[in-house]
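# Secondary and tertiary structure notes
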Amino acid sequence: MYEIYTPIIFVVGVGPNSSKFPALLSVINGLKHDNFNYKAITYNPAGIMYDAEVINYDNEVSFPDTVYSLNSHIKRLEEGTQDYDCAVIDIGGGILPINRINTNDFGFLYKAYLSAVPVDLTIICINTATSTSSIISEINRIRSYGCSHFAIVVSNMTYEKYSLKIKDDYYTFFESDQEIAKKISEMKCSEPDLNVFSIKEIEDGSLYLYIKSCITK
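Attention in this report is confined to the structure presented alongside it. Remember, it's a predicted structure, so these values are computed and weren't measured experimentally.

Right, let's get into the packing of aromatic side chains. If you walk through the whole model with that rule in mind, you get three aromatic pairs. For the pair Phe 10 and Tyr 113, a centre-to-centre distance of 6.3 Å together with 55 degrees between the ring planes defines the contact as tilted. On the criterion of sequence distance, the pair formed by Phe 10 in strand β1 (residues 8–13) and Tyr 113 in helix α3 (residues 108–116) is long-range, its members being 103 residues apart. Phe 10 sits in the buried class, given a relative accessible area of 0%. Given the relative accessible area of 2%, Tyr 113 is considered buried. Between Phe 21 and Tyr 50, the ring centres sit 6.1 Å apart and the planes meet at 70 degrees, which makes this aromatic pair edge-to-face. One end of the pair, Phe 21, is in helix α1 (residues 20–33); the other, Tyr 50, is in the loop between β2 (38–42) and β3 (53–54), and 29 residues separate them in sequence. Judged by its relative accessible area of 16%, Phe 21 is buried.

See the structure below:
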């Protein structure tokens, strides 16, 4: 495993429709506007339209292969001709189980990535159906890997409560502003120093300004 010196930003989500891609675009558009030299990596094919490198995953992904592949890839970027200010990595899959029978196992990519490179800042995209305590626990777990900065994005999409109890075909809908504000308040009450953003604050650049303040310290 190689030592990595480029600041790394992860964009992760609790599951489908958690607004990861809008969060990613907000960050890379801001970095581009401010003339940062960055590398963006995503699993979303639409990323190619925004100068992001798109990584395709096989149906069966090996944990050690993923760890060593990403670690080597980032090291090659460091040793190239460009001096990157940061790398922004949008990770496929979810970070938490949907329920007891849908463990969202594709999210093991996120665990592999945590083992592959030292992450400096993690953007966690959640929804109002996500348990606040489970997110706080996950933040503490990521801290154990050395990550010191976090941004929580509360999506404007959430899950139908009844559909969380079935394995597949869980349904999403647009959440009300009142419920989103309630979730933001819950997160801040649980950890007062946590930076929590709504979709509107992604769109107005508030999320990016926080990211910028972290990578320019």
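Next comes the rest of the description.
A word on the environment of Thr 122. The residue Thr 122 is located in strand β5 (residues 121–126) in this model. Judged by its relative accessible area of 0%, Thr 122 falls in the buried class. The spatial distance from the C-alpha of Thr 122 to the C-alpha of Ile 8 is 8.6 Å, given a sequence separation of 114 residues. If sequence neighbours within four positions are ignored, Thr 122 has contacts with Phe 10, Val 12, Ile 142, Cys 147, His 149, Phe 150 and Ala 151.

What follows is about helix α7 (residues 206–215). The α-helix advances 3.6 residues per turn, and as a result positions three or four apart in sequence lie on the same side. Among all positions of α7, only Leu 207, Tyr 208, Tyr 210, Ile 211 and Cys 214 are buried. One side of α7 holds all its buried residues, which, seen down the axis, span an arc of 160 degrees. Contact partners of the buried residues in α7: β1, α1, β5, β6 (149–154), β9 (195–198) and α6 (199–203).

Once that is clear, we can look at the nonpolar core. Ranked by size, the top nonpolar core spans 39 residues in total, and within it Phe 10, Ile 74, Ile 89, Ile 124, Ile 135 and Ile 152 carry the most contacts. Those elements that place two or more of their residues in this core are β1, α2 (63–78), β4 (86–94), α3, β5, α4 (132–143), β6 and α5 (177–190). At six residues, the largest contribution of residues to this core is made by α3. If sequence neighbours within four positions are ignored, Ile 89 has contacts with Ile 8, Ile 9, Phe 10, Val 11, Ile 41, Leu 70, Ile 74 and Tyr 113.

Contact pair α1 / α7: the axes reach a minimum separation of 9 Å and the direction vectors enclose 60 degrees. As the angle between them shows, α1 and α7 are arranged oblique. Crossing handedness for the pair α1 and α7: right-handed. Here Ala 23, Ser 26, Val 27, Gly 30 and Leu 31 of α1 lie close against α7, whose contacting residues are Leu 207, Tyr 208, Ile 211 and Ile 215. Residues that form the contact of α1 with α7 fall into these classes: seven nonpolar, two polar and no charged.

What counts and what doesn't
- The residue count restarts for each chain, going from 1 along the sequence in the order it is written.
- Reporting in this predicted model follows two pLDDT cut-offs: at least 70 for local features of residues, and 80 or more for side-chain atom pairs to be given and counted; totals over whole chains, interfaces and linings ignore these cut-offs and use all residues.
- Calculation of side-chain values draws on the structure's entire complement of heavy atoms; hydrogens and water are dropped beforehand.
- A pair of aromatic rings is counted whenever rings of Phe, Tyr or Trp (Trp by its six-membered ring) have centres within 6.5 Å, and the orientation is called stacked for planes under 30 degrees apart, edge-to-face for over 60 and tilted otherwise.
- Numbering goes from the N terminus for both helices and strands, where a helix is a DSSP run of H or I of at least four residues and a strand is a run of E of at least two.
- Think of it in three bands: with a 1.4 Å probe and only protein chains considered, a residue is buried below 20% of the maximum accessible area for its type, exposed above 50%, and partly exposed in between.
- In this analysis, two residues are considered to be in contact whenever any of their non-hydrogen atoms come within 4.5 Å of each other.
- What the arc describes is the spread of directions from the helix axis to the C-beta atoms.
- We call a set of buried residues a nonpolar core when its members are Ala, Val, Leu, Ile, Met, Phe, Trp, Tyr or Cys and they connect through side-chain atoms within 4.5 Å of each other.
- Inter-axis angles, ranging from 0 to 180 degrees, are taken between N-to-C directions of lines fitted to C-alpha atoms, where helices are fitted over the stretch in contact.
- Just so you know how the angles are binned, under 35 degrees is roughly parallel, over 145 roughly antiparallel, 65 to 115 roughly perpendicular, and the rest oblique.
- The handedness criterion is simple: a crossing whose near helix is rotated anticlockwise from the far helix by less than a right angle is left-handed, and one whose near helix is rotated clockwise is right-handed.
- Gly is put with the polar residues, along with every residue not named as nonpolar or charged; the nonpolar set is Ala, Val, Leu, Ile, Met, Phe, Trp, Tyr, Cys and Pro, and the charged set is Asp, Glu, Lys and Arg.

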